[in-house]
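# Structure at a glance
Chain residues, written in single-letter form:
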Amino acid sequence: MVATPTQTTHKNFKGVEKTVYGRGSFSQLDEILAPRRSDNQGYFVFLVDNYFKGKSLEGQVPVHHEDLTYYISVEEHEPTTDQIDELRDEILAKKGLPSGVVGIGGGSIMDIAKALSLMLTNEGSSTLYQGLNLIKKPGVYHVGVPTISGTGAEVSMTAVLTGPVKKLGLKCEWTVFNQIVLDPELIASVPRNWWFYTGMDTYIHCIESENGRMNNAYSHAYAEQAMKLCREIYLGENSGQTTENDDKLMVASMMGGLSLTYSEVGVCHALSYGLSKILGTRHCYANCLIMNHLADYYPEGVAEFKQMVAYHQIDLPQGLSNDWSDDTITQMAHISYNLPHMWLHAIGDNWQEVITIDLLKDLFRRL
Ligand code: NAD
Ligand code: ZN
């Protein structure tokens, strides 16, 4: 009798290859890149958040004369498929295949660097590759240097892009950074509202990762530690943007990201994707707007989230949905509904009996 092949039921994930952590570690970047400088056409592409243009960090980026540097504004929109395709075409036309790509910025720049690395070696539009394991060839060497913490994009296996049809990541083993540089000095200048919204992304990742059927001892250990750090950073008299808390937030972001990698996000992220896709609301801000109204699903997490909002007097507007038409809300509900992996995790096998378009519309109307 022929044995039936064993089915793969456990995720087999690739992690970041090398990590340097510590105050001032950014100064090691030149040395880290040096061994790679002879690969391909022998030059690096630096993608830097436009916020740093004219700031002291600009002078510290280890750019050599042959390198290309792009200062990218992430203010108007989150990364798009068009943006990546244009950047890729321009770079290849100018200088051919680079030795590597370095992203210096927040989750948006992390995703641009990851996506660009892949699209430099994969033909056609990035819209062709939005989804799981659709990328055909490994990308070029890529390095992530986060300057705002919370999304976990520095450790995740996906590069989230908004395209004409989907807001979905290029997700595969090759998406993961070869190297990350975690220097807590870089996040000191983050404005207070972004410090809160982006930091809360990691807290929400943990709440969602923990509360669902994909949770396990591995994801739980990361979530537990990341939530402990979040409480130290965002609750009580020692909370706030201090050097000690910045050291912790950088680690919390990474651990929250790893927790969800081994588990899954849930209700808040499913709704957040709907809101962001239809209205362009920023990921971390959208999550905070939604988390405020999810006490039915995550009672303890939402109660603690509200304490943190109140403690730091963060303004989370209410009544937004008064300005939305039924059609807009229906579109959001459909985007959210079409994320079965999140609903399976958060609700279970019978999710379609529990989660309906009407229920999702009611949740959006709470905003
Ligand atoms: P961001 O990159 O969008 O930046 C937010 C703001 O902070 C911008 O105005 C930016 O200029 C500013 N900023 C960044 N660093 C700064 C600094 N040191 N000092 C002053 N200002 C600074 O922020 P984000 O919240 O980290 O990223 C959101 C993006 O991440 C979204 O596009 C989302 O889709 C993506 N995301 C990706 C993943 C993933 O796993 N790939 C996970 C979650 C979110
Ligand atoms: Zn998130």
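Residue numbering note: each chain is counted from 1, following its sequence as written. For this description, chains carry letters from A and ligands carry numbers from 1, given in the order in which they are written. Confidence filtering applies because this is a predicted model: local features only for residues at pLDDT of at least 70, side-chain atom pairs given and counted only at 80 or more, and all residues used for totals across whole chains, interfaces and linings. Side-chain descriptors were evaluated using all non-hydrogen atoms of the structure, hydrogens and water having been removed beforehand.

## Focus: the packing of helix H8 (residues 267–279) against helix H9 (residues 283–291)
- Two numbers describe how H8 lies on H9: the axes approach to 9 Å, and their chain directions differ by 120 degrees. One element, H8, and the other, H9, form an angle in the oblique class. Both H8 and H9 take part in a crossing whose hand is right-handed. Contacts between H8 and H9 pair Cys268, His269, Leu271, Ser272, Leu275 and Ser276 from the former with His283, Ala286, Asn287, Leu289, Ile290 and Met291 from the latter.
- Grouping the constituent residues of the contact of H8 with H9 by class yields seven nonpolar, five polar and no charged. Only the contacting stretch of a helix is used when fitting its axis, a line to C-alpha atoms as for every element, and angles between N-to-C directions run 0 to 180 degrees. Runs of E in the DSSP output that reach at least two residues are strands. Runs of H or I that reach at least four are helices, and both are numbered from the N terminus. Should an angle fall under 35 degrees it is taken as roughly parallel, and over 145 as roughly antiparallel, whereas 65 to 115 is taken as roughly perpendicular and any remaining angle as oblique. Crossings are sorted by hand: turned counterclockwise from the far helix by less than a right angle, the near helix makes the crossing left-handed, and turned clockwise it makes it right-handed. Contacts are assigned to residue pairs that have any heavy atoms within 4.5 Å of one another. Basically, the charged four are Asp, Glu, Lys and Arg, the nonpolar ten are Ala, Val, Leu, Ile, Met, Phe, Trp, Tyr, Cys and Pro, and anything else, Gly included, counts as polar.

## Digging into the site of ligand 1
- Working definition: residue near molecule or strand if any one of its non-hydrogen atoms lies within 4 Å of it. Residues in close proximity to ligand 1 total 30 residues, the closest being Glu75, Ser108, Ser156, Ser189 and Arg282.
- Aspartate 111 has a polar side-chain atom sitting 2.7 Å from a nitrogen atom of ligand 1.
- In the analysis that follows, any N or O atom pair within 3.5 Å is treated as a polar contact, provided that within protein one partner can donate a hydrogen and the other can accept it, and provided that, for residues neighboring in sequence, both atoms belong to side chains. Residue serine 156 places a side-chain N or O atom 2.6 Å away from an oxygen atom belonging to ligand 1.
- Coverage of ligand 1 by the protein chains reaches 95% of its 860 Å² of free accessible surface.
- Of all the elements in the fold, those that place two or more residues in the shell around ligand 1 are helix H4 (107–119), strand S7 (158–162), helix H5 (192–210) and H9.
- When residues in the shell around ligand 1 are grouped by element, the largest group, four residues, is from H4. Accessible surface is estimated by sampling points in the Shrake-Rupley manner with a 1.4 Å probe; for residues, cover comes only from the protein chains shown.

## Regarding the pairing of strand S2 (residues 44–49)
- Only protein chains enter the calculation, and the probe is 1.4 Å; a residue is then buried if its accessible area is under 20% of its type maximum, exposed if over 50%, and partly exposed in between. Of all six residues making up S2, six are buried, and the element is well covered by its neighbours.
- Alternating residues of S2 divide into Phe44, Phe46 and Val48 and Val45, Leu47 and Asp49, and every residue in both groups is buried.
- When DSSP finds two or more bridges between a pair of strands, those strands are recorded as paired. Note that S2 and strand S4 (residues 100–105) share five bridges and pair parallel. When the bridges of S4 are listed, phenylalanine 46 appears paired with valine 102.
- As paired strands, S2 and strand S3 (residues 68–72) are joined by five bridges and run parallel to one another. Within S3, the residue paired with valine 45 across the bridge is leucine 68.

## Let's talk about the packing of H8 against helix H14 (residues 357–365)
- Where H8 meets H14, the axes come as close as 11 Å, and the angle between the chain directions of the two elements is 75 degrees. Between H8 and H14, the interaxial angle falls into the category roughly perpendicular. Each of Leu271, Gly274 and Leu275 in H8 lies in contact with H14, whose residues at this interface are Leu360, Leu363 and Phe364.
- Its residues assigned to classes, the contact of H8 with H14 shows five nonpolar, one polar and no charged.

## Overview of the UniProt feature "domain: Fe-containing alcohol dehydrogenase-like C-terminal" (unreviewed entry) in the chain
- UniProt positions are given in the numbering used here, feature names are shortened, and annotations may be inferred rather than shown by experiment. Taken from the UniProt record, the annotation "domain: Fe-containing alcohol dehydrogenase-like C-terminal" (unreviewed entry) applies to residues 197–302.
- Within the segment residues 197–302, helix and strand shares are 73% and 0% respectively, and the terminal C-alpha atoms sit 14 Å apart.

## Digging into the coordination of the zinc ion (ligand 2)
- Looking at the zinc ion (ligand 2), one finds its protein donor set to be Asp201 (OD), Asp201 (OD), His205 (NE2), His269 (NE2) and His283 (NE2), positioned 2.1 to 2.6 Å from the metal centre.
- Sodium, potassium and calcium take a 3.2 Å donor cutoff, other metals 2.8 Å, and in both cases only N, O and S atoms count; water is not among them, so sites may look incomplete. Mapped onto the sequence, the residues coordinating the zinc ion (ligand 2) show the spacing D-x3-H-x63-H-x13-H. Pair noted here: aspartate 201 and histidine 205 are both in helix H5, with a separation of four residues, about one helical turn. In terms of burial, aspartate 201 and histidine 205 fall into one category: buried.

## Things to note about unusual backbone geometry
- At asparagine 40, a position not held by glycine, the phi torsion is positive, near 50 degrees.
- Structurally, asparagine 40 is set in the loop between helix H1 (29–33) and S2.
- In this model, asparagine 133 sits at a positive phi of 55 degrees, which is unusual for a non-glycine residue.
- Residue position: asparagine 133 is located in the loop between strand S5 (131–132) and strand S6 (141–146).
- A residue is classified by how much of its surface remains accessible, and asparagine 133, at 51% relative accessible area, is exposed.

## Comments concerning the pattern of salt bridges
- A carboxyl oxygen of Asp or Glu within 4 Å of a side-chain nitrogen of Lys or Arg is what we treat as a salt bridge. By the definition in use, this model includes 20 salt bridges.
- Close ionic contact of arginine 23 with aspartate 247 constitutes a salt bridge, the shortest N to O distance being 2.9 Å. Taken as a pair, arginine 23 in the loop between strand S1 (18–21) and H1 and aspartate 247 in helix H7 (residues 243–261) lie far apart in primary sequence, 224 residues in all.
- Classification of arginine 23 as partly exposed rests on a relative accessible area of 36%.
- Owing to a relative accessible area of 24%, aspartate 247 belongs among the partly exposed residues under this scheme.
- In this structure, lysine 228 and glutamate 232 form a salt bridge, with 3.3 Å as the shortest nitrogen-oxygen distance. Linking lysine 228 with glutamate 232, this pair stays in helix H6 (residues 217–234), spanning four residues, or about one helical turn.
- For lysine 228, a relative accessible area of 43% gives the class partly exposed.

## Things to note about the packing of aromatic side chains
- The rule is short: rings of Phe, Tyr and Trp, with Trp giving its six-membered ring, pair when the centres are within 6.5 Å, and they are stacked under 30 degrees, edge-to-face over 60, tilted in between. Under the definition given, this model contains 13 aromatic pairs.
- Seen from their ring centres, phenylalanine 13 and tyrosine 262 are 5.7 Å apart, and the 75 degrees between their planes marks the pair as edge-to-face. Here phenylalanine 13 is found in the segment before S1, whereas its partner tyrosine 262 is found in the loop between H7 and H8, with 249 residues between them in sequence.
- Where phenylalanine 196 meets tyrosine 234, the ring centres are 5.6 Å apart and the plane angle is 85 degrees; that geometry is what we call edge-to-face. One end of the pair, phenylalanine 196, is in helix H5; the other, tyrosine 234, is in helix H6, and 38 residues separate them in sequence.
- One aromatic cluster is present, built from ring pairs that chain together Phe13, Tyr218, Tyr222 and Tyr262.
- Residue placement shows lysine 95 over the ring face of tyrosine 43; its charged tip is 5.2 Å from the ring centre. Charge over a ring is defined by NZ of Lys or CZ of Arg lying within 6 Å of the ring centre and within 35 degrees of the ring normal.

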